[in-house]
Amino acid sequence: MAVIKLEGGFALITGAASGIGKETAFTFAESGAAGILLADIDESNALVAAEDSKKLAVDPAYRAIAIHVDVTNADSVNSMVAYAVKEFGRIDYCVNSAGVSIAIPFPTDIRRLTLQCKIDISTYFIPFSNSSVEDYDKVMRVNAKGTFLVTQAALKQMSVQEPRDVTTTRNRTRSLGRGTIVNVASVLSFGAIPQKVAYIASKHAVLGITKVAALEGGPLGIRVNCVCPAWVRTAMFVEECTRAPHTADIIKAMISQGRPAEPEEVSESIGFLCSAAGSYITGVGFIIDAGLTLTAHLG
Ligand SMILES: NC(=O)c1ccc[n+]([C@@H]2O[C@H](COP(=O)([O-])OP(=O)(O)OC[C@H]3O[C@@H](n4cnc5c(N)ncnc54)[C@H](O)[C@@H]3O)[C@@H](O)[C@H]2O)c1
């Protein structure tokens, strides 16, 4: 049983090779999307995700296409959007899930490297005073500039599309507008923790980009929201737990359910915001944190 219902429609998802982006493709396929362009800098895993999504699709004419994109590059982003329009004719849902947490390429087995190369694990927590401009630039380029470029290109495309309507079972007509965008932000769009300045600045930027796009998109019939999860069980989370092994204890102590969110608990919220059920929601930072921020005053 699909938890979410989409009225057909075509999706463009960045960061679709892994984690929340990949899970969003799966959720959209099983919820009735007619086609998805799965875009990622990691094209080979985007291709695997595209093939896997076909096994879940409910629309017999469903199409899934993988494409390489570097969201930090305007030409690459514009080509991706043009390709989606060439293949599908329109973009009903745009989800920005491409993101990084730190700029330093993370060793796959930090414990082994710590022993062999004597890497000081504490260097993976970066106090503000030691944060490098390179790290700041890289994280901001992917998370903030990437969201800016993809949101801008999607807005331009959606603004020239015809709006869509649905008729509900109670025979009421509801406008789906010209399209909807969901950016993947974070609970750290609202508050801060130490030693993560680049990531937190970038996620505050995603919330700001979302709000301005929602204000400008509203009169055009385009809704723009962001989801703001706490920890989500993805590759990024595993990487963070390796850098900070006490993360599991923090989650147990601070989150009522004692666990990170599963990726589908985020992708289904994205699906909800994109669905007809979300038709009156725009400009929000939709917190998905099992109540974490009720007690932990991040702001
Ligand atoms: N996992 C968490 O705990 C968590 C919590 C809150 C927010 N988020 C956010 O969710 C989003 C998705 O993260 P995830 O947890 O699924 O991580 P992930 O590492 O599983 O997926 C991120 C994807 O982004 C892609 N990517 C990175 N740079 C790119 C670029 N320049 N162009 C195109 N694609 C690029 C990667 O190849 C990868 O497939 C990120 O924005 C992240 O900040 C994650």
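Residues numbered from 1 in each chain as written. Predicted model: local features only at pLDDT ≥ 70, side-chain atom pairs only at ≥ 80, totals over all residues. Heavy atoms only, no water.

### Description of the pairing of strand E7 (residues 179-184)
Then step 1. When you tally the buried positions in E7, you get six out of six residues, the bulk of the element.
Then step 2. Burial along E7 is two-sided: Gly-179, Ile-181 and Asn-183 facing one way and Thr-180, Val-182 and Val-184 facing the other are all buried.
Then step 3. Sheet topology places strand E4 (residues 93-96) next to E7; four bridges connect them, and they run parallel. Residue pairing for E7: Asn-96 is matched across the bridge by Asn-183.
Then step 4. Two elements, E7 and strand E8 (residues 222-229), share six bridges in a ladder whose sense is parallel. Looking at E8, one finds that Asn-183 is bridged to Cys-226.
Then step 5. Read from E7 through helix H6 (residues 197-217) to E8, the crossover connection turns out right-handed. (Buried < 20%, exposed > 50% of the residue type's maximum accessible area, 1.4 Å probe, protein only. Helix = DSSP H or I, 4+ residues; strand = E, 2+ residues; numbered from the N terminus. Pairing = 2+ DSSP bridges. Right-handed = clockwise from strand over helix to strand, strands pointing away.)

### A word on the packing of aromatic side chains
Then step 1. What the rule picks out here adds up to three aromatic pairs.
Then step 2. Relative to Phe-286, the ring of Phe-272 lies with its centre 6.2 Å away and its plane at 45°, an arrangement referred to as tilted. Of the two residues, Phe-272 is situated in helix H9 (residues 263-274) and Phe-286 in strand E9 (residues 285-288); the sequence distance between them amounts to 14 residues.
Then step 3. On the accessibility criterion, Phe-272 (26% relative accessible area) is partly exposed.
Then step 4. Positioned above the aromatic ring of Tyr-199 is the side chain of Lys-196, whose terminal nitrogen or guanidinium carbon lies 4.8 Å from the ring centre. (Phe/Tyr/Trp six-rings, centres within 6.5 Å; stacked < 30°, edge-to-face > 60°. Lys NZ or Arg CZ within 6 Å of the ring centre and 35° of its normal.)

### Overview of the confidence of the model for the chain
Then step 1. Overall, the prediction assigns the chain a mean pLDDT of 91, with 91% of residues at 70 or greater.
Then step 2. Overall, residues 105-123 carries pLDDT values under 50, and its contacts beyond four positions in sequence, including any with other chains, amount to 16 contacts. (pLDDT = per-residue confidence, 0-100. Contact = heavy atoms within 4.5 Å.)

### Side note on the site of the ligand
Then step 1. Within the structure, the ligand sits among 26 residues, and Ser-18, Asp-40, Tyr-199, Lys-203 and Thr-234 are positioned closest to it.
Then step 2. Here a nitrogen atom of the ligand sits 3.3 Å away from a polar atom, N or O, in the main chain of Ile-41.
Then step 3. At a separation of 3.1 Å, a nitrogen atom of the ligand approaches a polar backbone atom of Val-71.
Then step 4. Of all the secondary structure elements, the ones that give two or more residues to the shell around the ligand are helix H1 (19-31), H6 and helix H7 (235-243).
Then step 5. Of the residues belonging to the shell around the ligand, the class tally is 17 nonpolar, six polar and three charged. (Near = heavy atom within 4 Å. Polar contact = N/O pair within 3.5 Å; in protein donor to acceptor, adjacent residues only side chain to side chain. Nonpolar A, V, L, I, M, F, W, Y, C, P; charged D, E, K, R; others polar.)

### Some remarks on empty space enclosed by the protein
Then step 1. Tallied over the entire structure, the rule returns one cavity of 30 Å³ or more.
Then step 2. Volume-wise, the largest cavity comes out at about 70 Å³.
Then step 3. Around the largest cavity, the lining residues are Asp-92, Tyr-93, Arg-164, Leu-176, Gly-177, Gly-179, Thr-180, Arg-223, Cys-274, Ser-275, Ala-276 and Ser-279.
Then step 4. Secondary-structure elements contributing two or more residues to the lining of the largest cavity are strand E6 (173-177) and E7. (1 Å grid on protein atoms, 1.4 Å probe; cavity = no way out; pocket = protein on both sides within 12 Å on 5 of 7 lines; lining within 4 Å. Points joined across faces, edges and corners; volume = space filled by probe spheres on them.)

### Side note on the sheet that holds E8
Then step 1. On the basis of which strands lie adjacent, the open sheet formed by seven strands has the order E3-E2-E1-E4-E7-E8-E9 and parallel pairing. Two strands in the sheet have a free side with no partner beyond their single neighbour: strand E3 (63-68) and E9. When the angles between neighbouring strand axes are averaged without regard to direction, this sheet yields 15°.
Then step 2. Strands strand E1 (10-14), E4, E7 and E8 of the sheet are contacted by helix H5 (residues 133-159), whose axis makes an angle of about 175° with E7. (Axes fitted to C-alpha atoms, helices over the stretch in contact; angles between N-to-C directions.)

### Concerning the nonpolar core
Then step 1. Of all hydrophobic cores here, the largest spans 31 residues; its most connected members are Ile-13, Phe-28, Ile-36, Leu-38, Val-227, Val-266 and Ile-270.
Then step 2. When residues of this core are traced back to their parent elements, those giving at least two are E1, H1, strand E2 (35-40), helix H2 (43-54), E3, E4, E7 and H9.
Then step 3. Non-local contacts of Ile-36, meaning those with residues more than four positions away in its chain, are made with Ala-11, Ile-13, Ala-25, Phe-28, Ala-29, Tyr-62, Arg-63, Ala-64, Ile-65 and Phe-88. (Core = buried A, V, L, I, M, F, W, Y, C linked by side-chain atoms within 4.5 Å.)

### Let's talk about the side chain of Thr-210
Then step 1. By the secondary structure assignment, Thr-210 is in helix H6.
Then step 2. On the basis of relative accessibility, which here comes to 0%, the residue Thr-210 falls in the buried class.
Then step 3. Excluding residues that lie within four positions of it along the chain, Thr-210 makes contacts with Asn-183, Val-224, Asn-225, Cys-226 and Val-284.

### A few points about unusual backbone geometry
Then step 1. If you check the backbone angles, Asn-171 has positive phi at about 60° while not being a glycine.
Then step 2. Look at Asn-171 and you get exposed, because its relative accessible area is 66%.
Then step 3. Phi is positive for Gln-195, close to 70°, though the residue is something other than glycine.
Then step 4. Looking at where Gln-195 falls in the secondary structure, it is placed in the loop between E7 and H6.

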